[in-house]
Amino acid sequence: MGSARLNATQLAAWFSRRQPQPAGVYAATEPIEALAAYFIEEGALEGVAGDVAFAQSIIETGWF
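Draft legend 1. Geometry of the nonpolar core. Listed in full, the 12 residues of the largest apolar core are A8, L11, A12, F15, I32, L35, A36, I40, F54, I58, W63 and F64. Contributing elements (two or more residues each) for this core: helix 1 (8-17), helix 2 (32-46) and helix 3 (50-61). Among all residues touching I32, those that are not within four sequence positions of it are A12, F15, S16, Y26, F54 and F64.

Draft legend 2. Molecular detail of the packing of aromatic side chains. Enumeration according to the criterion identifies 6 aromatic pairs in this entry. Arranged with centres 5.2 Å apart and planes meeting at 45°, the rings of F15 and W63 form a pair that is tilted. Here F15, found in helix 1, pairs with W63, found in the segment after helix 3; they are 48 residues apart in sequence, far enough to count as distant. By relative accessible area, which is 10% here, F15 ends up buried. Pairwise contacts between aromatic rings join W14, F15, F39, F54, W63 and F64 into one cluster.

Draft legend 3. Local environment of the packing of helix 2 against helix 3. The N-to-C vectors of helix 2 and helix 3 enclose an angle of 130°; their axes lie 8 Å apart at closest approach. The angle between the axes of helix 2 and helix 3 places the two elements in the oblique class. Between helix 2 and helix 3 lies a crossing whose hand is right-handed. Residue-level contacts link I32, A36, F39, I40 and G43 of helix 2 to G50, D51, A53, F54 and S57 of helix 3.

Draft legend 4. Spotlight on the side chain of S57. With respect to the helices, strands and loops of the structure, S57 is situated in helix 3. Judged by its relative accessible area of 12%, S57 is buried. Apart from the residues lying within four places of it in its own chain, the contact partners of S57 are F39 and F64.

Scoring rules and cut-offs
Residues numbered from 1 in each chain as written. Predicted model: local features only at pLDDT ≥ 70, side-chain atom pairs only at ≥ 80, totals over all residues. Heavy atoms only, no water. Core = buried A, V, L, I, M, F, W, Y, C linked by side-chain atoms within 4.5 Å. Buried < 20%, exposed > 50% of the residue type's maximum accessible area, 1.4 Å probe, protein only. Helix = DSSP H or I, 4+ residues; strand = E, 2+ residues; numbered from the N terminus. Contact = heavy atoms within 4.5 Å. Phe/Tyr/Trp six-rings, centres within 6.5 Å; stacked < 30°, edge-to-face > 60°. Axes fitted to C-alpha atoms, helices over the stretch in contact; angles between N-to-C directions. Parallel < 35°, antiparallel > 145°, perpendicular 65-115°, else oblique. Left-handed = near helix turned anticlockwise from the far one by under 90°.

In structure tokens:
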């Protein structure tokens, strides 16, 4: 709970630069930039740290 410390651009950049790259292919139907923005925007509306929720979703989905 709380405010995000990173913005959507920072999250997408981190995701794209992550080394080593995880196995498999990015399979989400939205571009990573849009997905990161959704987490930040929706998190702000709900009082949830969108950057933390984004990171948690990576863990839960195996890098989408």
